[in-house]
Every structure is written in C-alpha cells, then in structure tokens.
Amino acid sequence: MRFDIETQASPEQVHRALTDFTQKRLHIWNRTLDPKTYELREHGPDWAVARESTPRSPFWVVARYDWSDPSVVLWTVVESSYGGGGQGFVRIVPRDGGGSRLHAEWVNTEPRRQKLMLLLMHLVPDRMIARMWAAALDRYAQTQDT
C-alpha cells in the first residue's frame with residue numbers, strides 16, 4: 001500500500017496523532033482502529049509496541065513503532081494473525097501555507113493466508129485508506145493546539 005495525502009494538521013500535530021498510544025488513539029483513529037483489539041504492550045519515549053486491527057477485519061498485527069526521527073514514523077510487524085510480517089513508514093513534511101504533506105508506504109510479507117490477504121487488499125483501495133487518514137488528521141487539527 002502506498003499513498004500521499006495533504007492535511008490541515010501541522011507536522012507536529014500529525015506526529016502527535018501518529019504517536020499517541022494512550023486511549024486517545026482510539027478516538028483519533030476511530031474509523032481505522034478497532035477498540036476491541038487495541039492493546040498497548042510496551043512504550044518508551046520514542047517507540048511503542050501495540051496490537052491493532054481495522055474494524056471488521058479478520059486480521060490483527062502487533063507492530064513496533066519508532067519515531068526517533070521526528071519527520072518519520074516507522075513500524076515493523078512483530079506478530080500477526082495472518083502469519084506474515086511487514087513494515088511501513090509515514091514521512092511528514094510541512095506544506096507551504098500551513099498543514100502537512102504525508103507519504104505513507106507499507107508492505108505485508110510472507111502471509112500464510114495469502115489468498116485472503118490479497119483479496120482484502122484489492123477490496124480496500126489505497127485511496128480509501130488515504131481519505132480516511134486525511135479526514136482523521138483534519139479532524140484532529142481542528143481540536144488541537146499547534
């Protein structure tokens with residue numbers, strides 16, 4: 001999966017939204033994160049390990065997030081229900097006139113349940129996920145201070 005979006009959220013707001021692993025994460029990402037499966041397992045000053053899934057998805061992942069570089073949030077799948085791994089990142093850059101531009105990429109590797117994963121990946125196009133992320137970040141920007 002790969003997409004680029006623009007948002008009203010400042011780079012700092014985007015960074016906060018992506019790296020908030022408190023219960024507020026469920027509110028920020030309410031359309032893309034299932035509260036039934038969300039579990040924060042470990043947390044440090046610039047990293048976290050969390051179990052997450054999308055609502056109505058049969059799959060979940062445990063991912064290790066790293067944001068030691070303030071303009072990039074990285075993640076690596078360390079456990080998954082589909083038997084594979086994966087990794088991804090979001091690069092955040094300021095947009096002229098305010099807001100941010102994001103480039104997101106991730107790949108799932110070696111799924112044991114490959115046919116079902118491929119079917120789901122085709123049913124949910126990148127642009128749909130991109131629109132949900134942009135809407136979540138725009139909503140977040142409207143409720144936060146810079």
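Teacher, can you tell me more about the sheet that holds strand β3 (residues 47–52) here?
Backbone hydrogen bonds hold the strands of a sheet together, and the pairing may be parallel or antiparallel. On the basis of which strands lie adjacent, the open sheet formed by seven strands has the order β1-β7-β6-β5-β4-β3-β2 and antiparallel pairing. At either margin of the open sheet sits one strand with a lone partner, and together these are β1 (2–7) and β2 (39–44). Put simply, the sheet's adjacent strands are angled 15° from each other on average, direction ignored. Summarising the sheet, β1 and strand β7 (residues 100–109) pair through six bridges and their orientation is antiparallel. Across the sheet, the residue bridging to F3 is A104, located in β7. On the sheet, helix α1 (residues 11–19) packs against β1, β5 (72–80), β6 (85–94) and β7 and is oriented at approximately 160° with respect to β6. Across the sheet, helix α4 (residues 126–143) lies against β1, β5, β6 and β7, angled at about 30° from β1, the strand it touches most.

How should the nonpolar core be read in this particular structure?
Among soluble globular proteins, nonpolar side chains are generally buried collectively. By size, the foremost hydrophobic cluster in this structure holds 32 residues, and its most contacted members are I5, L18, W29, V90, W133 and L137. A per-element tally of this core places α4 first, with nine residues.

What am I meant to see in the packing of α1 against α4 here?
The relative placement of two packed helices is expressed as an angle between their axes plus a distance between the axes. Where α1 meets α4, the axes come as close as 10 Å, and the angle between the chain directions of the two elements is 110°. In terms of their interaxial angle, α1 and α4 are classed as roughly perpendicular. Read as a crossing pair, α1 and α4 show a hand that is right-handed. In this structure, α1 uses Q13, V14, R16, A17 and L18 to contact α4, whose residues at the interface are W133, L137, Y140 and A141. A breakdown of the residues in the contact of α1 with α4 according to their chemical character gives seven nonpolar, one polar and one charged.

Conventions used here
Residues numbered from 1 in each chain as written. Predicted model: local features only at pLDDT ≥ 70, side-chain atom pairs only at ≥ 80, totals over all residues. Heavy atoms only, no water. Pairing = 2+ DSSP bridges. Helix = DSSP H or I, 4+ residues; strand = E, 2+ residues; numbered from the N terminus. Axes fitted to C-alpha atoms, helices over the stretch in contact; angles between N-to-C directions. Contact = heavy atoms within 4.5 Å. Core = buried A, V, L, I, M, F, W, Y, C linked by side-chain atoms within 4.5 Å. Buried < 20%, exposed > 50% of the residue type's maximum accessible area, 1.4 Å probe, protein only. Parallel < 35°, antiparallel > 145°, perpendicular 65-115°, else oblique. Left-handed = near helix turned anticlockwise from the far one by under 90°. Nonpolar A, V, L, I, M, F, W, Y, C, P; charged D, E, K, R; others polar.

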